[in-house]
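Residues per chain, in single letters:
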Amino acid sequence: MLPSSPDARRQTPFAASLARSADHAACRAAIRAGSRSFYAASWLLPEAVRRDAYGLYAFCRLSDDAVDGAGARADAVPRLRARLAAAYAGRPADAPADRALAEIVARHAIPEALPAALLEGLAWDAAGRRHPDLSSLVAYAARVAGSVGAMMTLVMGERSPEALARACDLGIAMQLTNVARDVGEDARAGRLYLPETWLREAGIDPDAFLARPEPSPALAAVVTRLLAAADLLYARAESGIAMLPPACRPAVRAAGLIYAEIGRDLARSGLDPVTRRARVPGARKARLLARAVVTPSTRRADRPALPEAAFLVEAVAAMPSAPAMPRPAWWNLGGQVVRVLDLIETLRERERLGGAAPS
């Protein structure tokens, strides 16, 4: 069942050049400041896809900040829904991310149900919703991350149900990794995302943990279960990468590899997400980027979307496709390897000096 949102069949009128060059630059700055992992992986995308990826990220980032950031307002979600409706009507708010979003959703025929699902997930955050079981957590992850994976797949020019289902798998896996990494930070902010039945089975009272979050073997066991669930979804997502245009595959694989590595760093450090934040150092990130370029894509038997994410795939199927757009039909492996080698050196230098992300 679709979440409460405008009709997914509604076709957005395309207003050419809604976003200015300064808007695209602002969106790029948002991802550079907000997510080094995604920013690094995005450099493997073709330029046109990368620009639209930055625009999507910027709107997602401002939405998350409006609900959960400093100065968040109680009416943040209704205001965001009004901004989303305005963007789909071709009359975006006077902000770089809104203008970019209006252009992107029209160009790629992205149904409004997808970004609306993201806002629904943020509304759950604002309400302090907790999750009794894994299915509830996956339903949340489908909204705040699976929706983004589906939108990115459309930006890359792929609309098949199988590819969209695998993109949702990848987004959900990344969000489960986020939850595992941020247990302590979230608890100190009064938020709890871990499945409460899992906590109780491990002997942890959820309310007591929120009141006084501490690492423990029992908590480590719960985090291990969550990372195992994420790993299953990373594996499921791999077959979808082969369905993307060849020039887009390394970036998507890199994002998955880097996020999965966050879970491995957490495991190597003793599964303590309360007193330490897991991270992927620049040198390791660079090696994963290189691995993403040279790893071949393989297709496996079709699998349906997770039940919690099926509404996203159905929303795309219900909307007419965008006009045919040029797609990269080639993959200049040699040129891409050179670019990755340059990026590796930049990341290593940044790691050594503690400086900024590559520009």
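Looking up the protein chain in an unreviewed UniProt entry gives the name Phytoene synthase, with the organism given as Methylobacterium tarhaniae. Taken from UniProt, the Cofactor (unreviewed entry) comment for the protein chain reads in full: "ATP".

Enquirer: Whenever I open this one, the packing of helix 8 (residues 161-181) against helix 13 (residues 249-268) confuses me. Can you help?
Expert: The description of two packed helices rests on the angle between their axes and on the distance between the axes. Two elements in contact, helix 8 and helix 13, have axes separated by 10 Å at closest approach and are oriented at 25°. Overall, the two elements helix 8 and helix 13 adopt an arrangement that is roughly parallel. Crossing angle aside, the handedness with which helix 8 passes helix 13 is left-handed. Residues L170, M174, T177, N178, A180 and R181 of helix 8 touch helix 13, and the partners they reach there are V252, A255, G256, Y259, I262, G263 and L266. A class-by-class count of the residues in the contact of helix 8 with helix 13 yields eight nonpolar, four polar and one charged.

Enquirer: Would you mind going over the packing of aromatic side chains with me for this structure?
Expert: Aromatic rings in a pair are described by how distant their centres are and how their planes are angled relative to each other. Going through the model one piece at a time under the given rule, you end up with one aromatic pair. When the ring centre of W43 is taken as origin, the NZ or CZ atom of R50, which lies over that ring, is 4.8 Å away. If you follow R225 out to its NZ or CZ, it ends over the ring of W198, 4.0 Å from the centre.

Enquirer: What exactly am I supposed to notice about the environment of D182 here?
Expert: Take D182: it is sitting in the loop between helix 8 and helix 9 (183-188). Overall, D182 belongs to the buried group, its relative accessible area being 11%. The spatial distance from the C-alpha of D182 to the C-alpha of V274 is 7.6 Å, given a sequence separation of 92 residues. For D182, the side chain forms a polar contact with the side chain of R277, separated by 2.9 Å.

Enquirer: What is the right way to read the nonpolar core from this model?
Expert: Generally speaking, nonpolar side chains in soluble globular proteins are found buried as a group. Grouped together as the largest cluster of nonpolar side chains are 113 residues, with contacts concentrated most on I110, L114, I172 and L194. By residue number, the principal contributor to this core is helix 7 (residues 134-155), which donates 13 residues. If near-sequence neighbours (up to four positions away) are discounted, L194 is found in contact with H131, V179, V183, L199, L219, V222 and L226.

Rules used in this analysis
Residues numbered from 1 in each chain as written. Predicted model: local features only at pLDDT ≥ 70, side-chain atom pairs only at ≥ 80, totals over all residues. Heavy atoms only, no water. UniProt positions renumbered as here; feature names shortened; annotations may be inferred. Axes fitted to C-alpha atoms, helices over the stretch in contact; angles between N-to-C directions. Helix = DSSP H or I, 4+ residues; strand = E, 2+ residues; numbered from the N terminus. Parallel < 35°, antiparallel > 145°, perpendicular 65-115°, else oblique. Left-handed = near helix turned anticlockwise from the far one by under 90°. Contact = heavy atoms within 4.5 Å. Nonpolar A, V, L, I, M, F, W, Y, C, P; charged D, E, K, R; others polar. Phe/Tyr/Trp six-rings, centres within 6.5 Å; stacked < 30°, edge-to-face > 60°. Lys NZ or Arg CZ within 6 Å of the ring centre and 35° of its normal. Buried < 20%, exposed > 50% of the residue type's maximum accessible area, 1.4 Å probe, protein only. Polar contact = N/O pair within 3.5 Å; in protein donor to acceptor, adjacent residues only side chain to side chain. Core = buried A, V, L, I, M, F, W, Y, C linked by side-chain atoms within 4.5 Å.

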